[in-house]
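Report on the structure
If you want the building blocks of each chain, they are given just below.
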Amino acid sequence: MTAIEAASFASPWPGYFFQAGILHKQAHPLVCLTLPGKALAGYLCLWLQDHEIQIQNLAVHPAFRGRGVGRHLLQKGLDLSLELGAREAVLEVRPSNLAARRLYRSLNFSEIGRKPGYYTNDGEDALILFLDLKNTFQPSTVD
Ligand SMILES: CC(C)(COP(=O)(O)OP(=O)(O)OC[C@H]1O[C@@H](n2cnc3c(N)ncnc32)[C@H](O)[C@@H]1OP(=O)(O)O)[C@@H](O)C(=O)NCCC(=O)NCCS
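Residues numbered from 1 in each chain as written. Predicted model: local features only at pLDDT ≥ 70, side-chain atom pairs only at ≥ 80, totals over all residues. Heavy atoms only, no water.

**A word on the overall build of the chain**
- Assigned secondary structure in the chain consists of 4 helices and 6 strands.
- Listing each helix as α and each strand as β along the chain from the N terminus yields α-α-β-β-β-α-β-α-β-β.
- Rg of the C-alpha trace for the chain: 15 Å, near the compact-globule value of 15 Å for 143 residues, within the 12% margin.
- For the chain, the spread of C-alpha atoms along the three principal axes comes to 40 × 40 × 30 Å.
- Burial status across the chain gives 36% buried among its 143 residues.
- Looking at the chain alone, contacts between residues at least 24 apart form 56% of all its contacts between residues at least 6 apart.
- Summed over all atoms, the accessible surface of the chain reaches about 8,400 Å², with 54% contributed by carbon and sulfur. (Helix = DSSP H or I, 4+ residues; strand = E, 2+ residues; numbered from the N terminus. Rg over C-alpha atoms; globule rule 2.2 N^0.38 Å. Buried < 20%, exposed > 50% of the residue type's maximum accessible area, 1.4 Å probe, protein only. Contact = heavy atoms within 4.5 Å. Areas by Shrake-Rupley, 256 points an atom, 1.4 Å probe, with all protein chains shown as cover.)

Structural data, given as structure tokens:
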């Protein structure tokens, strides 16, 4: 995970973030493995707070990007969120992250705000995206 993280973000999570995120009862991590090499293709880290699911991290190994892994992880994560009783999903994304924004938009996330200078490494703002899971999310019909 830390290798994908380092390849994906300017300020990668340290390894202990993942350990804490796997062990905590509010955390609901998902990973996608490819077979037969069992390489880790990507992961999604969710945090359930009351009826809100916070998408804390989503990353796909550069070698596996553009093949539907990110969409699959997000769709399954939101399916799981509904099962856990979440009503809404929120996340932050860089305005410059056009690939991620397009993915979120395709799942009906909408922009509800902006955090100026949120990313401390370079001062870029964060966009706050929101999804009404009950009314605007389309759950998977098959597993
Ligand atoms: C964003 C990310 C998770 C997407 O994962 P992915 O597996 O490559 O995405 P998918 O192949 O599932 O594509 C899903 C959708 O994302 C969008 N997308 C993905 N790559 C894109 C690109 N290079 N340019 C524009 N849109 C892109 C498209 O809408 C695509 O749907 P489409 O294929 O029907 O057009 C991946 O690029 C990544 O890990 N980036 C670095 C980490 C990151 O930015 N995480 C998000 C933080 S908020």
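After presenting the structure, the write-up continues.
**A word on the sheet that holds strand 5 (residues 110-115)**
- Ordered by their spatial adjacency, 6 strands build an open sheet running 1-2-3-4-6-5, and the pairing between neighbours is mixed. Looking at the sheet topology across the chains shown, the edges are occupied by strand 1 (30-34) and strand 5. Strand-to-strand twist of the sheet, defined as the mean angle between neighbouring strand axes without regard to direction, takes the value 25 degrees.
- Lying over the sheet, helix 3 (residues 69-83) contacts strand 1, strand 2 (39-49), strand 3 (52-60), strand 4 (88-93) and strand 6 (126-132), oriented at roughly 30 degrees with respect to strand 2. (Pairing = 2+ DSSP bridges. Axes fitted to C-alpha atoms, helices over the stretch in contact; angles between N-to-C directions.)

**Structural notes on the site of the ligand**
- Surrounding the ligand, one finds 20 residues, the nearest of these being Leu 58, Gly 68, Gly 70, Arg 71 and Asn 97.
- Here an oxygen atom of the ligand sits 2.7 Å away from a polar atom, N or O, in the main chain of Gly 70.
- For the ligand, the accessible surface in isolation is 920 Å², of which the surrounding protein chains cover 73%.
- Of all elements in the fold, only strand 3, helix 3, strand 4 and helix 4 (98-106) reach the threshold of two or more residues within the shell around the ligand.
- Taken together, the residues of the shell around the ligand break down into 10 nonpolar, 5 polar and 5 charged. (Near = heavy atom within 4 Å. Polar contact = N/O pair within 3.5 Å; in protein donor to acceptor, adjacent residues only side chain to side chain. Nonpolar A, V, L, I, M, F, W, Y, C, P; charged D, E, K, R; others polar.)

**Focus: the packing of aromatic side chains**
- Evaluated as defined, the whole model comprises 6 aromatic pairs.
- Seen from their ring centres, Tyr 118 and Tyr 119 are 5.0 Å apart, and the 90 degrees between their planes marks the pair as edge-to-face.
- Pairwise contacts between aromatic rings join Trp 13, Tyr 16, Phe 17, Phe 18 and Tyr 43 into one cluster.
- The side chain of Arg 94 reaches across the aromatic face of Tyr 119, ending 4.2 Å from its centre. (Phe/Tyr/Trp six-rings, centres within 6.5 Å; stacked < 30°, edge-to-face > 60°. Lys NZ or Arg CZ within 6 Å of the ring centre and 35° of its normal.)

**Description of unusual backbone geometry**
- Of note, the phi angle at Lys 38 is positive, near 60 degrees, even though the residue is not glycine.
- Positioned with a positive phi, Asp 50 is a non-glycine residue whose angle comes to about 55 degrees.

**Considerations on the UniProt feature "domain: N-acetyltransferase" (unreviewed entry) in the chain**
- UniProt records the feature "domain: N-acetyltransferase" (unreviewed entry) for residues 1-134 in the present numbering.
- Across residues 1-134, the secondary structure splits into 30% helix and 33% strand, with the terminal C-alpha atoms separated by 31 Å. (UniProt positions renumbered as here; feature names shortened; annotations may be inferred.)

**Focus on the environment of Cys 45**
- As for its position among the elements, Cys 45 is in strand 2.
- A relative accessible area of 9% means that Cys 45 is categorised as buried.
- Setting aside its immediate chain neighbours within four residues, Cys 45 contacts Trp 13, Phe 18, Pro 29, Gln 54, Ile 55, Gln 56 and Asn 57.

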